[in-house]
Amino acid sequence: MRTSMKIFKDFSKMLDFYSQFNPSPLSIKQFLDFAVLLITSVTDSRFLRHMIILLFSPPHMCPDKTVGHTSLSDWSNEKEEQRCVKASAKSLPSCARRSACERTSFIFLRKELPVRLANIMKEIQLLPENLLRMPSVNLVQSWYEKSFEEILVYESEDTSDPKILETFCERLIKIHNRHNDVVPTMAQGVIEMKQSCQLDQHTEHSIQYFLDRFYMSRISIRMLINQHTSLFGTNLNGHPRHIGCIDPNCSVTAVLKDAYENARFLCDQYYMISPDLEITEHNGSEPGAHISVVYVPSHLYHMLFELFKNAMRAVVEYYGSDADNLPPIQVTVALGKEDLTIKMSDRGGGIPRSLIDTLFQYMYSTAPTPSPSTDSTPLAASDGDNVSHPLLAGYGYGLPLSRLYARYFQGDLIITSAEGYGTDAIIYLKALSDEANELLPVFNKTSSRHYRATIGTHDWSTQNQTMGMRQFTTINDKRRISAS
Ligand SMILES: Nc1ncnc2c1ncn2[C@@H]1O[C@H](COP(=O)(O)OP(=O)(O)O)[C@@H](O)[C@H]1O
Ligand SMILES: [Mg+2]
């Protein structure tokens, strides 16, 4: 009993300790530069110094965490990672570049992973009591606690011992696999809570706020783990052009066609018909040249696949599955100096403006509820390693998760619509890899306040108020409405 109390105390202490630090966001360029350092004979000492400063720096403590500065953001600021620790490029032995790089990554991750885990675990603790009691949420929490502890084991391990580096890599793979089902399990927790009690608007708001941050944190942690294990692990099955999970020359059209074909397969299975695809490219930087971007192809695929499924479903439902022909889905890819924009336009009848915000609510769906027996992993994250058998629609996670993937590297996903005609879904990505910085949730007083604050009364009159309508519609509400 005493031992378990002590373990609990130590655990809480470590959680408090690591959650004091802000996560350190990396840009796609930094991910890539580090990997390039591994596979090429880089001799530019300025470059080496830059990478060492970045990767050897201690985690950054945010002033908000100590003094409670109210104006600080609850998302990481890319500037904060411009930290300075004096380190010499000479400390990197040139004769053993691979093991030096692996060691560098190890030193970075054994601090950065506990910081990212602790930041989000502190937010889990702030969730409404009745959600925290749900068995699925407990299960997710136990996975996080275990993984946190397993990484802390390496806190003071000898960095020059190759055996340690090897077991660390294996441990990361285990942690990665342990967290495979986090998205559906957390979603299940929310469903369990909604079934057990009526949610007020504030609780709905807190859960939406939390899920965005929780899933974003997970995307980032898996990115770090994937990058390390694909560079230093023993599985060499990766794509030859990819550097870790990044494609330095990712053809947007190739990913578009891949996502389209797979969505079309599902659509054909479901409706026996599917719309065609038309792609137009406009390269504003180099007119006429094919558009490629430095990006994580599995993330781009995830977003496009979800958008295609939505567009196809809308078009077929609008025209009817017995239509002679369907209007094609038109995709425009445009590259400018700052943004790479992918606009997907369908003629599926559009969405009323009043519903646009609701589309990004987790579990909002107008599709029939998928049966639990269906052999599918609809909410699997697209880390490039999950073989999933997804459904066309129904879980209401397609848009909110896709938007997170877009925002993760400072992009965005928006939906605009002309009701009665069709919908445009637009993905924005950063055209320059050094501007594509991770967007990470930061646990601090600003973020904590979101879980406590009650939603203020409106200072503009609202139609919803007058009509006594609820602001959020969930799949459960819809079921209730259609049953009545
Ligand atoms: N292109 C579109 N046209 C019309 N409605 C759409 C479109 N995209 C999304 N929607 C609406 O948004 C809802 C939520 O989409 P999503 O998050 O992908 O979940 P799901 O596809 O599982 O329903 C859909 O059920 C649909 O009502
Ligand atoms: Mg969808």
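About the thresholds
Residues numbered from 1 in each chain as written. Chains lettered and ligands numbered in written order. Predicted model: local features only at pLDDT ≥ 70, side-chain atom pairs only at ≥ 80, totals over all residues. UniProt positions renumbered as here; feature names shortened; annotations may be inferred. Helix = DSSP H or I, 4+ residues; strand = E, 2+ residues; numbered from the N terminus. Buried ≥ 20, exposed ≤ 12 C-beta atoms within 10 Å, placed from the backbone. Contact = placed C-beta atoms within 7 Å. Core = buried A, V, L, I, M, F, W, Y, C linked by C-beta atoms within 7 Å. Pairing = 2+ DSSP bridges. Axes fitted to C-alpha atoms, helices over the stretch in contact; angles between N-to-C directions. Left-handed = near helix turned anticlockwise from the far one by under 90°. Nonpolar A, V, L, I, M, F, W, Y, C, P; charged D, E, K, R; others polar. Near = placed C-beta within 6 Å. pLDDT = per-residue confidence, 0-100. Parallel < 35°, antiparallel > 145°, perpendicular 65-115°, else oblique.

- With an unreviewed UniProt entry as reference, the chain is termed Protein-serine/threonine kinase, source organism Larinioides sclopetarius.
- For the record of the chain, the UniProt heading Catalytic activity (unreviewed entry) holds the text "L-seryl-[pyruvate dehydrogenase E1 alpha subunit] + ATP = O-phospho-L-seryl-[pyruvate dehydrogenase E1 alpha subunit] + ADP + H(+)".
- The Sequence similarities (unreviewed entry) comment attached to the chain in UniProt states, word for word, "Belongs to the PDK/BCKDK protein kinase family."

Quick word on the overall build of the chain
At step 1: When helices and strands are tallied, the chain shows 16 helices and nine strands.
At step 2: Evaluated residue by residue, the chain yields a buried proportion of 42% over its 484 residues.
At step 3: Sequence separation of 24 or more characterises 82% of the internal contacts of the chain that already satisfy a separation of 6 or more.

Description of the environment of Glu317
At step 1: Topologically, Glu317 is positioned in helix α12 (residues 297-319).
At step 2: In this structure, the C-alpha to C-alpha distance between Glu317 and Gly348, residues 31 residues apart in sequence, is 7.4 Å.

Overview of the nonpolar core
At step 1: If you look at the biggest cluster of nonpolar residues, it comprises 115 residues, and the most contacted ones within it are Ile246, Ala259, Tyr295, Leu304 and Phe308.
At step 2: Counting residues per element, this core draws most heavily on helix α10 (residues 201-232), at 13 residues.
At step 3: If we skip the residues at most four places from it in the chain, Leu304 touches Val255, Leu256 and Ala259.

Observations concerning the sheet that holds strand β7 (residues 339-346)
At step 1: Across the sheet, five strands lie side by side as β4-β6-β7-β9-β8; this open sheet has mixed pairing. A strand with exactly one partner marks an edge of an open sheet, and here the two such strands are β4 (277-283) and β8 (412-418). Within this sheet the neighbouring strands show an average axis-to-axis angle of 15°, counted without direction.
At step 2: Of the pairings in the sheet, the one linking β4 to strand β6 (residues 329-335) comprises seven bridges and is parallel in character. Residue pairing across strands places Asn283 opposite Leu335, the latter belonging to β6.
At step 3: Of the strands in this sheet, β4, β6 and β7 touch helix α11 (residues 252-271), which is tilted by about 165° from β4.
At step 4: Helix α13 (residues 398-408) contacts β8 and β9 (422-430) of the sheet and is inclined by roughly 130° relative to β8.

Concerning the packing of α11 against α12
Working note: a packed helix pair is described by the angle between its axes plus the distance between those axes.
At step 1: As a packed pair, α11 and α12 sit with axes 8 Å apart at the nearest point and diverge in direction by 40°. α11 and α12 meet at a crossing whose hand is right-handed. For the pair α11 and α12, contact is made by Val255, Leu256, Asp258, Ala259, Tyr260, Asn262, Ala263, Arg264, Leu266, Cys267 and Tyr271 and by Pro297, Leu300, Tyr301, Leu304, Phe305, Phe308, Lys309, Met312 and Val316, respectively.
At step 2: The residue makeup of the contact of α11 with α12, split by class, is 16 nonpolar, one polar and three charged.

A few points about the site of ligand 1
At step 1: Taken together, 19 residues form the shell around ligand 1, and within it Asn310, Ala314, Ser365, Ala393 and Gly398 come nearest.
At step 2: Looking at the shell around ligand 1, the elements with two or more residues in it are α12 and α13.
At step 3: If you tally residues by element for the shell around ligand 1, the top one is α12, at four residues.
At step 4: Taken together, the residues of the shell around ligand 1 sort by class into nine nonpolar, eight polar and two charged.

Re the environment of Ala436
At step 1: Here Ala436 is to be found in the loop between β9 and α14 (445-452).
At step 2: In this structure the C-alpha to C-alpha distance between Ala436 and Tyr295, which are 141 residues apart in sequence, comes to 9.0 Å.

Considerations on the confidence of the model for the chain
At step 1: Counting all residues, the mean pLDDT for the chain is 83, and 76% of those residues have values of 70 or more.
At step 2: Low pLDDT, under 50, characterises residues 66-72; the stretch is placed with nine contacts to residues that sit more than four places away or in other chains.
At step 3: In this model, residues 77-95 is a region of pLDDT below 50 whose contacts with residues beyond four sequence positions or in other chains number 24 contacts.

Some details on the packing of α10 against α13
At step 1: Contact geometry for α10 and α13: axes closest at 10 Å, N-to-C directions at 55°. Judged by the inter-axis angle, α10 sits oblique to α13. α13 is crossed by α10, and the crossing has right-handed handedness. Residue-level contacts link Asp212, Tyr215, Met216, Ile219 and Ser220 of α10 to Leu401, Leu404, Tyr405 and Tyr408 of α13.
At step 2: In the contact of α10 with α13, the residues fall into seven nonpolar, one polar and one charged.

Considering unusual backbone geometry
At step 1: Backbone geometry at Met272 places phi at a positive 65°, although glycine is not the residue there.
At step 2: Relative to the assigned elements, Met272 resides in the loop between α11 and β4.
At step 3: Of the residues examined, Met272 has 10 C-beta atoms within 10 Å and is grouped as exposed.
At step 4: Even without glycine at this site, Gln410 takes up a positive phi of about 65°.
At step 5: According to the C-beta neighbour criterion, Gln410 is partly exposed, with 18 such atoms within 10 Å.

Brief notes about the environment of Pro327
At step 1: Inspection of the secondary structure assignment puts Pro327 in the loop between α12 and β6.
At step 2: We classify Pro327 as partly exposed; it has 17 C-beta atoms within 10 Å.
At step 3: When the C-alpha positions of Pro327 and Val315 are compared, they lie 7.6 Å apart, and in sequence the two are twelve residues distant.

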